[in-house]
Amino acid sequence: YNPQFSPDGKKITYLSNKEYDYGSTSMFVHNVSSKKDDELMIASVSGSYGWSPDGKKIIFSRRNKPNIHDAVVFDLYEYDVTKEEETQLTNGLRAHAPAYSGDGKMICFVRNFDGTQNLFISPAPTGQMINKKDIKQITSFTNGEQIYAPKWSPIANTIVFDYSKEDLRQIAEINVDSREVTFVFSDPTIDFRSPVYSKDGASIYFSSDKTGIYNIYKY
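What you see is a predicted model, and the numbers here were worked out from it, not measured in a lab.

What counts, and at which threshold
- Residues numbered from 1 in each chain as written.
- Predicted model: local features only at pLDDT ≥ 70, side-chain atom pairs only at ≥ 80, totals over all residues.
- Heavy atoms only, no water.
- Helix = DSSP H or I, 4+ residues; strand = E, 2+ residues; numbered from the N terminus.
- Rg over C-alpha atoms; globule rule 2.2 N^0.38 Å.
- Buried < 20%, exposed > 50% of the residue type's maximum accessible area, 1.4 Å probe, protein only.
- Contact = heavy atoms within 4.5 Å.
- Areas by Shrake-Rupley, 256 points an atom, 1.4 Å probe, with all protein chains shown as cover.
- Lys, Arg positive; Asp, Glu negative; His and termini not counted.
- Charge placed at Lys NZ, Arg CZ, Asp CG, Glu CD.
- Patch = residues over 30% accessible without salt bridge, like charges linked within 9 Å, V, L, I, M, F, W, Y side chains within 5 Å.
- Salt bridge = Lys/Arg side-chain N within 4 Å of Asp/Glu carboxyl O.
- Phe/Tyr/Trp six-rings, centres within 6.5 Å; stacked < 30°, edge-to-face > 60°.
- Lys NZ or Arg CZ within 6 Å of the ring centre and 35° of its normal.
- Core = buried A, V, L, I, M, F, W, Y, C linked by side-chain atoms within 4.5 Å.

Caption draft 1: Structural detail: the overall build of the chain. Helix and strand counts for the chain stand at zero helices and 19 strands. Since a compact globule built from 219 residues should have a radius of gyration of about 17 Å, the 17 Å found for the chain is in line with a globular shape. Expressed along its principal axes, the backbone C-alpha trace of the chain runs to roughly 45 × 45 × 40 Å. For the chain, the proportion of its 219 residues judged to be buried stands at 43%. Of the contacts formed within the chain by residues at least 6 apart in sequence, a portion of 32% connects residues at least 24 apart. Total accessible area on the chain stands at roughly 12500 Å², and carbon and sulfur atoms take up 49% of it. The distance from the centre of the 25 positive side-chain charges to the centre of the 28 negative ones in the chain is 4 Å.

Caption draft 2: Region of interest: a negative patch on the surface. Together, Asp 38, Glu 39, Glu 84 and Glu 85 give the surface a local cluster of negative charge. Structurally, Glu 85 is set in strand 8 (residues 85-88). Classification of Glu 85 as partly exposed rests on a relative accessible area of 48%.

Caption draft 3: Main features of the packing of aromatic side chains. Counted under the stated rule, the structure contains ten aromatic pairs. Each residue in the set Phe 185, Phe 192, Phe 206, Tyr 217 and Tyr 219 is aromatic and connected to the rest through ring pairs, giving one cluster. The ring of Tyr 148 carries Arg 169 above its face, with NZ or CZ at 3.6 Å from the centroid. Between Lys 210 and the ring centre of Tyr 217, over which it is positioned, the NZ or CZ distance is 5.5 Å.

Caption draft 4: Representation of the pattern of salt bridges within the structure. By the definition in use, this model includes five salt bridges. Among the salt bridges present, the one from Lys 18 reaches Asp 37, with a minimum N-O distance of 2.7 Å. One end of the pair, Lys 18, is in the loop between strand 2 (11-16) and strand 3 (26-31); the other, Asp 37, is in strand 4 (residues 36-37), and 19 residues separate them in sequence. Classification of Lys 18 by relative accessible area gives partly exposed; the value is 35%. Residue Asp 37 is classed as partly exposed on the basis of its relative accessible area of 32%. Among the ionic pairs, Glu 86 bridges to Arg 62, the shortest N-O distance being 2.7 Å. One end of the pair, Glu 86, is in strand 8; the other, Arg 62, is in strand 6 (residues 57-63), and 24 residues separate them in sequence. Given the relative accessible area of 14%, Arg 62 is considered buried.

Caption draft 5: Representation of the nonpolar core in the model. Counting residues in each nonpolar core, the largest one holds 16 residues, and the members touching the most others are Cys 108, Leu 119, Ile 121, Ile 159 and Phe 161. Residue assignment for this core shows that the elements contributing at least two residues are strand 9 (95-100), strand 10 (106-113), strand 11 (116-123), strand 13 (146-152), strand 14 (158-164) and strand 15 (170-175). Top element by residues in this core is strand 14. It accounts for three residues. Every residue in contact with Phe 161, bar those within four places of it in the chain, is listed here: Leu 119, Ile 147, Tyr 148, Ala 149, Pro 150, Gln 170, Ile 171, Ala 172, Ile 174, Val 181 and Pro 195.

In structure tokens, the structure reads:
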């Protein structure tokens with residue numbers, strides 16, 4: 001799941017359970033030049049994740065152990081590629097699918113509350129827990145809407161993401177400054193998902209089943 005190039009293009013990270021039939025996914029690293037996988041980088045990574053623009057860190061989410069109420073909660077972590085160390089960034093926040101802004105100064109992520117998901121932003125972590133006072137909600141969904149895999153533009157203050165209220169997904173973009181949400185693709189009969197910006201921010205690549213089979217498209 002979720003293959004991504006490192007910013008320098010020398011590695012591809014992806015999530016997999018490898019040869020195990022059951023169990024959580026972990027992050028693996030594929031070396032582009034040698035065409036071989038490096039050793040396991042990060043264990044028990046769930047869902048969408050993101051490289052920092054300088055390629056020094058990876059931000060991701062992990063499912064924590066059930067709490068006293070048997071509730072499983074996702075929290076954010078950051079992995080320092082050079083030091084090979086990880087830092088927990090949130091505790092009990094129900095946060096997942098993090099991504100860095102194009103300049104690396106901010107992060108966005110999704111939080112779940114009462115069956116509805118919304119998009120949040122905060123300053124990029126500095127090697128310690130994120131201060132809850134610095135976290136800001138930028139969408140205001142209230143009716144069971146779901147958000148998947150937000151990605152920040154490399155050149156603009158916009159974030160693109162999957163949106164779903166029923167079965168099929170749509171693609172939306174939000175202006176972080178104005179909080180205005182625009183639906184780039186919205187059709188009740190077609191599924192659009194997994195959008196990412198091109199490196200220059202001029203295009204969006206995404207997946208759609210508009211022909212009856214999922215293929216990759218550029219907009």
